[in-house]
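Architecture at a glance
Now for the letters of each chain:
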Amino acid sequence: MSGNATRPEPTGPAAVLCGLGGALPARAVSNDELAAQLDTSDAWIRSRTGIGQRHVIAPGQATSDLAVEAGARALASARDTAGPAAAEVDLLVLATSTPDRPCPATAPVVAQRLGLGTVPAFDVAAVCTGFVYALATAGSLIEAGVARRALVIGADTFSTILDPADRTTRALFGDGAGAVVLRAGTRDEPGALLGYDLGSDGQGVDLITVRAGGSRQRSEPGPPPEADRWFTMRGSSVFREAVLSMSDSARALAERTGWDPAGPDKLVAHQANVRILRAVGDQLGLDEKQIVVHLDRVGNTVAASIPLALTDAAGEGALQPGHRVLLTGFGGGLTWGSAALVWPDVVTGPPGTV
Ligand code: UT7
């Protein structure tokens, strides 16, 4: 499947990445700690997923706490990279599928806590594709002249929706937040978003889902079955769809950008499973050095996964100014999406701890 929401050749401003940062909860949960509670093992989790540990929020913490820390770090990074004006954002887009409350959106309270005044702020829900959707939304609003500078955050706390007894999901997911700052600039600058590819297929609604808590269940009489309160995923079907969708979308966007699909210096794909990353790499003809891997330390952080991987790779020097970078994600909905940019010279630090 290839995406069908594409960007026409731009004539006005481009959206240019000029800051990034991340946040993780203080508590890291090792595979051995999970294996002490569930019928699993470090060997199974590492060999089937590549994950070594994940971070989990403390009681009382919520998605906005991580989003505020990641957002503050991205704004500081933008200030250090492009001067004080770069942090004066006039738009906040927050990708999350674990909002603080079902209503209202979480973005306005994040904007208020970051001292952003009365800027427009809204949530985007596309599960693990959320960050790419939010990036394309904010980027397009800058390209249209509606905003000048935008803070784009991906933040999720899936530990709050996982069945404590489910080894198949608890081994995979971790909490976290990642953020970038976009500013208006020109398409020939490093950091300019060169194109997007977005798509969805609602036939896959049941593959990745929380059945209860929405209008469908709440309009029914009686409380929902206990199992419907928790997140469920059909792992092996999702695995196949993730490989196909991310490789099709990344290839389509690379070709539209005028890049050889095997040519990007770095592929920063949604961090769900190292075997998925390798399979997408095989489909595109990439070698291991071209593929950013961050999930070993944080697991699948859903909407935070791509910006956290970018922050880590930039901080460690794996992403260098001038690198051609393809971002690609896949998640519930089903949804998928990609974005392309040439990596800018951006100052960033390690994720903050919340
Ligand atoms: O973020 C959105 C995108 N998400 C993804 O892309 C996730 C995609 N799916 C996957 O990464 C993989 O399918 C999983 C990691 C979820 C599962 O790996 P798999 O190699 O596809 O295993 P499987 O689902 O075919 O299960 C094989 C066995 C099953 O046992 P039986 O039925 O064969 O007895 C599972 O119950 O592995 C079992 N299993 C586990 N065993 C030990 C599943 N999870 C675990 C576990 N520890 N944590």
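Treat the numbers as computed from the prediction; the structure is a model and nothing was measured. (Residues numbered from 1 in each chain as written. Predicted model: local features only at pLDDT ≥ 70, side-chain atom pairs only at ≥ 80, totals over all residues. Heavy atoms only, no water.)

1. Here we look at the confidence of the model for the chain
- Taken residue by residue, the chain gives an average pLDDT of 96. The fraction at 70 or more is 97%.
- In the model of the chain, strand E1 (residues 5-6) stands out as the element of lowest mean pLDDT, 58, in contrast to strand E5 (residues 91-95), which has the highest, 99. (pLDDT = per-residue confidence, 0-100. Helix = DSSP H or I, 4+ residues; strand = E, 2+ residues; numbered from the N terminus.)

2. With respect to the environment of Thr-168
- Checked against the element boundaries, Thr-168 lands in helix H6 (residues 167-170).
- With relative accessibility at 48%, the residue Thr-168 sits in the partly exposed group.
- C-alpha of Thr-168 to C-alpha of Arg-297: the two residues are 129 residues apart in sequence and 18 Å apart in space.
- In terms of polar contacts, Thr-168 uses its side chain to reach the side chain of Asp-166, at 2.6 Å. (Buried < 20%, exposed > 50% of the residue type's maximum accessible area, 1.4 Å probe, protein only. Polar contact = N/O pair within 3.5 Å; in protein donor to acceptor, adjacent residues only side chain to side chain.)

3. A closer look at the UniProt feature "active site" (unreviewed entry) in the chain
- Here the UniProt-annotated "active site" (unreviewed entry) positions come out as Cys-128, His-270 and Asn-300. For this annotated set, covering 173 residues, all C-alpha atoms fall within 8.7 Å of each other, a compact arrangement in space. The annotated residues named above include Cys-128, His-270 and Asn-300 as those lining the second largest pocket.
- With respect to the element layout, Cys-128 can be found in the loop between strand E6 (121-124) and helix H5 (130-143).
- For Cys-128, a relative accessible area of 8% translates into the label buried.
- Setting aside residues up to four positions removed in sequence, Cys-128 forms contacts with His-270, Asn-300, Val-302, Ala-303, Phe-330, Gly-331 and Gly-332.
- Tracing the chain through its elements places Asn-300 in the loop between helix H10 (295-298) and helix H11 (305-316).
- Its relative accessible area of 4% is what places Asn-300 among the buried residues.
- The residues touching Asn-300, leaving out its near neighbours within four places in the chain, are Ile-51, Cys-128, Leu-172, Phe-173, Gly-174, His-270, Gln-271 and Ala-272. (UniProt positions renumbered as here; feature names shortened; annotations may be inferred. 1 Å grid on protein atoms, 1.4 Å probe; cavity = no way out; pocket = protein on both sides within 12 Å on 5 of 7 lines; lining within 4 Å. Contact = heavy atoms within 4.5 Å.)

4. A word on the packing of aromatic side chains
- Counted according to the given criterion, the structure contains three aromatic pairs.
- Note on Phe-158 and Phe-231: the rings are 5.0 Å apart at their centroids and 65 degrees apart in plane angle, and the pair reads as edge-to-face. Placement of Phe-158 in the loop between strand E7 (149-156) and H6 and of Phe-231 in strand E11 (residues 231-233) is noted, with a sequence separation of 73 residues between them.
- For Phe-231, a relative accessible area of 3% puts it in the buried group.
- A centroid spacing of 5.1 Å and a plane angle of 75 degrees characterise the contact between Phe-173 and Phe-231, whose relative ring orientation is edge-to-face. Residue Phe-173 is located in the loop between H6 and strand E8 (176-185), and its partner Phe-231 is located in strand E11; the two are separated by 58 residues in the primary sequence. The same class applies to Phe-173 as to Phe-231, namely buried. (Phe/Tyr/Trp six-rings, centres within 6.5 Å; stacked < 30°, edge-to-face > 60°.)

5. Things to note about the pairing of E7
- With seven of its eight residues buried, E7 lies for the most part within the structure.
- Judged from the five bridges that link them, E5 and E7 form a sheet pairing that is parallel. Each residue of the ladder has a partner; that of Val-93, found in E7, is Val-152.
- In the sheet, E7 pairs with E8 via eight bridges, with the strands oriented antiparallel. Counted as the bridge partner of Gly-154 is Gly-178 from E8. (Pairing = 2+ DSSP bridges.)

6. Brief notes about unusual backbone geometry
- The amide bond that connects Cys-103 to the next residue, Pro-104, takes the cis arrangement and shows omega of 0 degrees.
- On the secondary structure map, Pro-104 appears in the loop between E5 and helix H4 (107-113).
- Each neighbour pair has its own omega, and for Gly-333 with Leu-334 the value is -5 degrees, a cis peptide bond.
- Tracing the backbone through its elements, the reader meets Leu-334 in the loop between strand E13 (324-331) and strand E14 (335-342).

7. Side note on the site of the ligand
- What surrounds the ligand is a group of 21 residues, the closest being Thr-40, Arg-48, Cys-128, Asn-273 and Asn-300.
- One of the side-chain N or O atoms of Arg-48 is found 2.7 Å from an oxygen atom in the ligand.
- About the coverage of the ligand: the protein hides 71% of its 940 Å² of free accessible area.
- Among the elements of the structure, helix H2 (42-49), H6, helix H8 (235-257) and helix H9 (274-284) are those that each provide at least two residues to the shell around the ligand.
- Per-element accounting of the shell around the ligand gives the leading share, four residues, to H8. (Near = heavy atom within 4 Å. Areas by Shrake-Rupley, 256 points an atom, 1.4 Å probe, with all protein chains shown as cover.)

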